[in-house]
2 protein chains.
Amino acid sequence: MILEKKKTFNDFAASKGLRSTRQRDIILDIFLSTHEHISVEELYLKVKSSNPGIGHATVYRTLKLFAEAGLAREILLHDGQTRYEHVVKGEHHDHLVCTGCNSIIEFEDETIEKLQSEIAARHGFLINSHKMEIYGLCANCRR
Amino acid sequence: MILEKKKTFNDFAASKGLRSTRQRDIILDIFLSTHEHISVEELYLKVKSSNPGIGHATVYRTLKLFAEAGLAREILLHDGQTRYEHVVKGEHHDHLVCTGCNSIIEFEDETIEKLQSEIAARHGFLINSHKMEIYGLCANCRR
DNA sequence: CGATATAATGAAAATGAATTTCAAAAGCAT
DNA sequence: ATGCTTTTGAAATTCATTTTCATTATATCG
Ligand SMILES: [Mn+2]
Ligand SMILES: [Mn+2]
Ligand SMILES: [Zn+2]
Ligand SMILES: [Zn+2]
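Colleague: When you look at the protein's contact with DNA strand C in this model, what are you seeing that I'm missing?
Modeller: Residues in contact with DNA strand C amount to 19 residues; listed here are only the nearest, A:Arg19, A:Thr58, A:Arg61, B:Tyr60 and B:Thr82. Backbone sugar and phosphate groups make up 72% of those atoms of DNA strand C lying within 4 Å of the protein. One of the backbone N or O atoms of B:Ser20 is found 3.2 Å from a phosphate oxygen in DNA strand C. At a separation of 2.7 Å, a phosphate oxygen of DNA strand C approaches a polar side-chain atom of B:Lys64.

Dropping the structure here:
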């Protein structure tokens, strides 16, 4: 499925007339090797540790491309850092965000998604994406 | 209900031992006179037009107090500006955000809220707040 | 192949929202 | 009023992100 994502990006790049570069390959490899919800800075540091030459701006630019290509999702929590997570085709999830330890629990709820569609339809609204975050304390942090 | 909010803030201020200042009164008045989801900068400009002396920092600081006092809610959309909206006691709503014209449609859905609680409970998670934003095109912008 | 055109990169500068600093002003208890 | 503490506002600072622009790399074409 890593190969699949690489193909997704290559197809996207081709369709956009983007050139294939060593930097984008490296950043994609490293992004795909991560899990969780990684901040741009975190990814940049990972990238730099094996490829000191790659610059800040390239990482920012490339992650935007990944999001555009549909293989990454931008996540804005309340800490002033943009994060990215993997997009799994045909899947969607939302987040329980613990304000105690910053951990994130993912969940999906088919019923909520359906209700969202109904609400949008009721307003003549065409959904492109949505985000839902529940903030509070995880089981560990509760006491 | 404007008086009620002022009382809410005064009680909050009293309980926190905050001093009552001309600036906070003015900013509260102007905030309460606004509608929609106003950015800090927008509010600052409004404030400054009638009270040129009031500074940027004070507006930022005061809005945080309003949020803490429970009469304003901070909203982060995807435009890099923090916005604030009024909190109506006992009410909650979420947002349909049009990426075409930046308009916002508010909605409430009791069932979704209930499902959120269930999900949280299932994970032993204690909800403090949540946000749900649906992005897309409003009826006007669709075609 | 080269040569040429154009896109991508990266270091550094710029931007912009938000926060901090700190001296002066204002509020409050006595 | 006095003295103590909080608040204010201008300016400086921070910090993430974007932009600039000279250089380098990639793709295309003869
Ligand atoms: Mn996730
Ligand atoms: Mn609203
Ligand atoms: Zn936690
Ligand atoms: Zn619209």
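So much for the structure itself; the text now carries on.
Colleague: Would you take a moment to explain the sheet that holds strand E4 (residues 94–98) of chain A for this structure?
Modeller: Reading across from one edge, E5(A)-E4(A)-E6(A)-E6(B)-E4(B)-E5(B) is the order of the six strands in this open sheet, with mixed pairing throughout. Each having just a single partner strand, strand E5 (104–107) of chain A together with strand E5 (104–107) of chain B make up the two edges of the open sheet. Neighbour to neighbour, the strand axes of the sheet diverge by 20° on average, direction disregarded. On the sheet, helix H5 (residues 110–122) of chain A packs against E4 and strand E6 (126–137) of chain A together with strand E4 (94–98), E5 and strand E6 (126–137) of chain B and is oriented at approximately 130° with respect to E6(A). Sheet contacts for helix H5 (residues 110–122) of chain B: E4, E5 and E6 of chain A together with E4 and E6 of chain B; angle to E6(B), the most-contacted strand, approximately 130°.

Colleague: Is there a simple way to explain the protein's contact with DNA strand D in this structure?
Modeller: What surrounds DNA strand D is a group of 20 residues, the closest being A:Tyr60, A:Thr82, B:Arg19, B:Thr58 and B:Arg61. Among all atoms of DNA strand D positioned within 4 Å of the protein, those belonging to sugar or phosphate total 69%. In the environment of DNA strand D, a phosphate oxygen lies 3.1 Å from a nitrogen or oxygen atom belonging to the side chain of A:Gln81. At the level of elements, helix H4 (56–69) of chain A together with helix H2 (22–33) and helix H4 (56–69) of chain B are the ones that each hand at least two residues to the surface near DNA strand D. The dominant element in the surface near DNA strand D, judged by the number of residues it contributes, is H4(A), at four residues.

Colleague: Looking at this structure, how should I read the relation of the copies chain B and chain A?
Modeller: Mapping between the two chain copies consists of a rotation about an axis together with a translation along that axis. With an RMSD of 0.1 Å, the operation that places chain B on chain A is a rotation of 179° combined with a shift of 0.0 Å along the axis. Taken together, the rotation and translation describe the operation of a two-fold axis. Proximity to the rotation axis, assessed at the C-alpha, singles out B:Met132 in chain B; its C-alpha lies 2.1 Å from the axis. Looking at chain B, 100% of its interface residues are interface residues in chain A too, so the copies touch through the same face.

Colleague: Would you take a moment to explain the pairing of E5(A) for this structure?
Modeller: Within a regular strand, the side chains alternate between the two sheet faces. All names here are of chain A. Relative to E5, E4 runs antiparallel, the two sharing four bridges. Looking across to E5, one finds that Leu96 is bridged to Ile105. Between the end of E4 and the start of E5, which pair antiparallel, lie five residues, with Asn102 showing a positive phi angle near 65°.

Colleague: What am I meant to see in the coordination of the manganese ion (ligand 2) here?
Modeller: For a metal with four donors in a tetrahedral arrangement, the ideal angle between donors is 109.5 degrees, while six donors in an octahedron ideally sit at 90 or 180 degrees. All names here are of chain B. In this structure, His37 (NE2), Glu85 (OE), His93 (NE2), His95 (NE2) and Glu106 (OE) serve as the protein donors to the manganese ion (ligand 2), at separations of 1.9 to 2.3 Å. Donor residues for the manganese ion (ligand 2) sit on one chain with the sequence pattern H-x47-E-x7-H-x1-H-x10-E. Note that Glu85 is positioned in strand E3 (residues 82–86) and Glu106 in strand E5, a separation of 21 residues in sequence. Judged by its relative accessible area of 2%, Glu85 is buried.

Calculation rules
Residues numbered from 1 in each chain as written. Chains lettered and ligands numbered in written order. Predicted model: local features only at pLDDT ≥ 70, side-chain atom pairs only at ≥ 80, totals over all residues. Heavy atoms only, no water. Near = heavy atom within 4 Å. Polar contact = N/O pair within 3.5 Å; in protein donor to acceptor, adjacent residues only side chain to side chain. Pairing = 2+ DSSP bridges. Helix = DSSP H or I, 4+ residues; strand = E, 2+ residues; numbered from the N terminus. Axes fitted to C-alpha atoms, helices over the stretch in contact; angles between N-to-C directions. Contact = heavy atoms within 4.5 Å. Least-squares fit on C-alpha atoms with pLDDT ≥ 70 in both. Donors = N, O, S within 2.8 Å, 3.2 Å for Na, K, Ca; no water. Buried < 20%, exposed > 50% of the residue type's maximum accessible area, 1.4 Å probe, protein only.

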